[in-house]
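Structural description and commentary
Each chain, letter by letter, is given below.
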Amino acid sequence: MGEASEPVFDTRIFAHVINTGTPFERLELAVQLADLVCDPGCPQDEFDAVTPSLLRLSADPDEVVRRQLAESLAACPQLDRRVVASIAADDESIALPFLAKAQSLDAAAMAAIARAGDEARQCAIAAREDISGAAVSALAEGGSEAAVRVMLDNPAVTPDAALLRRIYVRFWKRGDIVEQLLGFDDLPVDIRILEVRRASSRMQSMVKANDWSPGDDGRGMVSDAQDRTLIALLNSADPAELSRLIAFVSSRDMLTPSLLLKAAAEGHMHIVERALAFLTATSLKRTRKLMYDNGALSLRALTVTAGLPDECFPLLRAAADVARELRGENEWPSAERFGRKVVETLVTRFASAPAKEKRRALALFEASATGPTRMLARHLIEAMERAA
């Protein structure tokens, strides 16, 4: 606004036009007054003087006058809050375009509409390129489902983990919003784990209801997909967060022997270490010592305390031996290279064992591995069967 000066007009003229003028005359007045207040050089006293007239025009009985006023005032960098509120409360055909682009909406005004506005007005705020942080928070806390979806689609919105969690808590049963949330890198890993579990449960039910795959085969495929997705999520977590996530996975009955074996077969030993530490209520430091430094008997005692079946031990022992050998390397091997070394260790260790034990150990690895290493185990099993 410019500096204060003596008013150059008599506002009684505006009142006369508003009271007795034709719709066209009121429309012309609306455009002229809008041009005046939108001018950055408009003196403050003139701005204040015409505000009552703008307020009356914003409630004009003629929709054309109100629409023109709203369109003309949208570009104003500053407006009296009463004028903004009056236009925002108008018919949607007038209010929504104004709310979508009005430059006079500050952070507080956007937040107020996000909190108290109806769904259509919330959506208008949610789509703004300059949406304020306060408005984003207000929509996350109490906005309608439609408004939250619009907000999540807005490229100007970069929600943090805490805000994404608040939205998930409100809308976890709404598939469309959950899909949007899963697209954000900052979505907390524990939420992704919950969604893995929910997706797995849905798939199990669908397999059973539609008889897509016979019995255990169908359930096994779904469980396998769940385990591998979980391993990927746990691998993506910060080391400082991993122990907490292991506890969370266990609380959802997802920390299964098959999960640990799959992680071991591909060399994700940091997951295995923390899982065994959690299951045995042992410190991570001591768990590592028992796994790598104290021999096979210590590792077996650890797996027994963890409640793992006996058949898990050969694979876990082989993976621990490979990990111990690789600890001095500058770069941890790929899952395929690690898996090949585990197969080599199993074959060497069971060289003099009965064929049945060899096949059992390799079959467990085959069920736990993926890709080329799974095929390697399958070929070895077939070769032993042919030689039998």
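Residues numbered from 1 in each chain as written. Predicted model: local features only at pLDDT ≥ 70, side-chain atom pairs only at ≥ 80, totals over all residues. Heavy atoms only, no water.

Thoughts on helix 7 (residues 107-116)
- Of the positions making up helix 7, those classed as buried are Ala109, Met110, Ala111, Ile113 and Ala114.
- Buried residues belonging to helix 7 abut helix 5 (81-88), helix 6 (92-101), helix 8 (119-126) and helix 9 (133-142). (Buried < 20%, exposed > 50% of the residue type's maximum accessible area, 1.4 Å probe, protein only. Helix = DSSP H or I, 4+ residues; strand = E, 2+ residues; numbered from the N terminus. Contact = heavy atoms within 4.5 Å.)

Re the nonpolar core
- Core analysis: the largest hydrophobic core is formed by 61 residues, its most contacted members being Val37, Leu73, Phe98, Leu105 and Ile167.
- Counting residues per element, this core draws most heavily on helix 2 (residues 23-38), at 7 residues.
- With sequence-adjacent residues up to four places away left out, Ile167 is seen in contact with Ala140, Val148, Met151, Leu152, Ile177 and Leu181.
- Residues Ile246, Tyr292, Leu362 and Met384 belong to the second largest nonpolar core, which totals 56 residues. (Core = buried A, V, L, I, M, F, W, Y, C linked by side-chain atoms within 4.5 Å.)

Some thoughts on unusual backbone geometry
- Located in the positive-phi region is Asp253, a residue other than glycine, with phi close to 60 degrees.
- Of note in the backbone geometry, Ala281 takes a positive phi value of approximately 55 degrees without being a glycine.
- Along the chain, Ala281 falls in the loop between helix 17 (269-280) and helix 18 (284-292).

Focus: helix 23 (residues 371-387)
- Between its first and last C-alpha, helix 23 extends 25 Å over 17 residues, near the 24 Å set by a 1.5 Å rise per residue.
- By the burial criterion, the buried members of helix 23 are Thr373, Ala377, Ile381 and Met384. Viewed end-on, helix 23 has its buried residues packed into an arc of 80 degrees, placing them on one side of the element.
- Those residues of helix 23 hidden inside the fold are in contact with helix 21 (335-349) and helix 22 (355-368). (Expected span 1.5 Å × (residues − 1). Arc of directions from axis to C-beta.)

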